[in-house]
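Analysis of the macromolecular model
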Amino acid sequence: MGKHLVDDTKSLVVTSLRGLARANPALSIDPFNRLAFIRPTAADRSSGRVCLLSGGGSGHEPASCGFVGSGMLSVSVSGEVFASPSAKQVSAGLSILQHQPVLVIVLNYTGDRLHFGIAIERANISRPSTAQVDFLVVEDDVAVGRARSGRVGRRGLAGIVLLQKIAGGAAADNMTLFDLKRLGLLVSHNLVTVGVSLDHANVPGTDQQTRLPQDQIELGMGIHNEPGFARVKRPPTKELVRTLVGQLVDGDDGDRGFVKFGKGDKVVVLVNNLGGISTLEMHAFAEIVHDTVEQQHGLRVVRSYAAPFVTSLDGPGISITLLNLSNLGDAEADGVLRYLDRPTDAPGWNGATSWSASSSREREESITLDSTAEEGDSPQTTRPFVVDPAATEKLLRAGCKALIDAEPAITKADTVAGDGDCGTTLKSAAEAVVEWLDSVGGSDVLSDLSRTVGSVAEVLEGSMGGTGGALWQIFLSSFAVGLAANGNDTSIQEALRHAYSRLQHYTTAQVGDKTLIDSLDPFVATFAETGDFAKAAEAASKGAESTKGMMAGLGRATYVDQTEAKEAPDAGALGVAALLKGMASAL
């Protein structure tokens, strides 16, 4: 385990937000929903001006909470480390801006797309036409080409910061939501980023750490500690920069050439410190990047930035981002430069901030969602599905214990084929369910299976982020709806089939894509056919084992080097199997 100064990993994110707000008096925070925001004034609410909301997993600071400020973001939403925030958190953030149009900007990671997307769809149902919410997804990575990224698309990396700054400046100039989205797409389509790292980051609270040999570096490193596309002997710095910049500007590469560059093109350069590179080395590296861009490729650098913008905890690496302004047209390029130059007090942008000794807790708020909206989101438990509450509690506790006990094995698999957070995320979720059981044990809540399942889904919404969290919430919420439709006149098999069908509306994952579907699908199918839970749980375990040797078709594992990753089982599938096996042991 890597060394860390703060040993309380459970409260790390909230404590960090409080520390940020203490040093920046313009910021308010909602510690429960992990929001950093600027409260709109009455003039803001009546102006019709577009606001920006962004967010994602923690561990990337200053992104996104450090970019809340005038001329940038109005609200940021933080998940757990490397895990997307829940839809409920995002909904709370949107409620702050309920009187204004909002552009939501996120990176191209499935969990972020799902959770932010769910919140946006819910919000637009009740918001007036003058305060609608739109969505912009940033995908600027060139390390993973078209062939490997497939349906997943390119990863989102540090280019999002340029987009947030440009969009923030344009919004401050009263650009409409439609035009702001158009500009954002234009900028996004001309962004390219590639990263390199000396080693992987240390994730707080986990024992599983991957280490590179002293003489190796990793090319194509992402921002979630996922491995890159190649490990190579460490070359001289100038040779390394030539390789990286060459990958960015090679528009003729059919697989990785995403943006065209020509001699004389005007470009913006952003060198991003992943968190563990000294400032001395970062600026030296940035200078070599600028020389390479201008002298070897004939490009004209018109703006340059170097700082930790989108980090990967303490990751000892750097990424390089280029924005080709010449592809935008003269008028749009001039506007982009004007928006980049617009002053902001967002603390993460070149350190612009003011200091205050006042306590950040004086500016804490708890954002409460509209009660009618929350009721509308709840499963419609029109008829109870009556069960034995003691048996239900025993089943849930056994499943949660098995999931908690399986954390090391799940984390190990995810460290090889993902970002290493799946085990701890599932463990935290299971612990939250156990805590909920402790609070309701012996009550009549557990006598209605539809109500129990719906409540567990709500617990997960507050405790489990990431793609897996979103898929579990959708599945369990739909399972609760299926159970409640006709009460005990409905079979559990029918309700499970309904839940699985609804889940497939929100994900393209199929059996063979190396995801939790490889366990969930055989469980649902076997239980529907036999009605035997133990047999169905065994089918789920076999499904999880079958992911060994699979090439990932969806999810973050598609980005990593498949040489080692394909031999590891899928972490999400292992989690499903562990839960169901534990529940089966209690029957």
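These remarks concern the structure in this document. (Residues numbered from 1 in each chain as written. Predicted model: local features only at pLDDT ≥ 70, side-chain atom pairs only at ≥ 80, totals over all residues. Heavy atoms only, no water.)

**Description of helix H1 (residues 12-23)**
- Here H1 spans 17 Å end to end across twelve residues, near enough to the 16 Å set by a 1.5 Å rise per residue.
- For H1, the full list of buried residues reads Val13, Val14, Leu17, Leu20 and Ala21. Each buried residue of H1 sits inside an arc of 120° when the element is viewed along its axis, so together they form one side.
- In this fold, the buried residues of H1 make contact with strand E1 (28-30), strand E2 (35-37), strand E3 (51-58) and strand E4 (75-81). (Helix = DSSP H or I, 4+ residues; strand = E, 2+ residues; numbered from the N terminus. Expected span 1.5 Å × (residues − 1). Buried < 20%, exposed > 50% of the residue type's maximum accessible area, 1.4 Å probe, protein only. Arc of directions from axis to C-beta. Contact = heavy atoms within 4.5 Å.)

**Things to note about the sheet that holds E4**
- Read across the open sheet, the six strands follow the order E1-E2-E4-E3-E5-E6; overall the sheet is mixed. For this open sheet the edge positions go to E1 and strand E6 (133-138), each flanked by a neighbour on one side alone. Each adjacent strand pair in this sheet contributes to an overall mean axis angle of 20°, direction not counted.
- Pairing of strand E5 (residues 102-107) with E6, which is carried by six bridges, proceeds in the parallel orientation. Counterpart to valine 102 in the pairing with E6 is valine 133.
- Packed on one face of the sheet, H1 meets E1, E2, E3 and E4 and runs near 145° to E4.
- Set on the sheet, helix H7 (residues 177-188) makes contact with E3, E5 and E6; between it and E6 the angle comes to about 5°. (Pairing = 2+ DSSP bridges. Axes fitted to C-alpha atoms, helices over the stretch in contact; angles between N-to-C directions.)

**Things to note about the sheet that holds strand E7 (residues 191-197)**
- The strand order E9-E8-E7-E12-E10-E11 describes an open sheet built from six strands, whose pairing is mixed. What marks the edges here is a single partner per strand, and that holds for strand E9 (230-233) and strand E11 (300-307). Adjacent strand axes in the sheet meet at a mean angle of 20° when their direction is disregarded.
- By the bridge criterion, seven bridges tie strand E10 (residues 266-273) to strand E12 (residues 317-324) in an arrangement that is antiparallel. Following the sheet pairing, asparagine 272 is matched in E12 by serine 319.
- Here helix H9 (residues 279-296) sits on the sheet and contacts E10, E11 and E12; the angle it forms with E11, its principal contact strand, is near 165°.
- The strands touched by helix H10 (residues 330-341) within the sheet are E10, E11 and E12, with E11 carrying the most contacts at an inclination of about 30°.

**So, the packing of helix H4 (residues 110-126) against helix H16 (residues 466-486)**
- Axis separation between H4 and H16 bottoms out at 7 Å; the angle between their running directions is 45°. By the angle between their directions, the pair H4 and H16 is classed as oblique. Between H4 and H16 lies a crossing whose hand is left-handed. In this structure, H4 uses Thr110, Gly111, Leu114, His115 and Ile118 to contact H16, whose residues at the interface are Gly466, Thr467, Gly469, Ala470, Leu471, Gln473 and Ile474.
- Of the residues assigned to the contact of H4 with H16, the class counts are five nonpolar, seven polar and no charged. (Parallel < 35°, antiparallel > 145°, perpendicular 65-115°, else oblique. Left-handed = near helix turned anticlockwise from the far one by under 90°. Nonpolar A, V, L, I, M, F, W, Y, C, P; charged D, E, K, R; others polar.)

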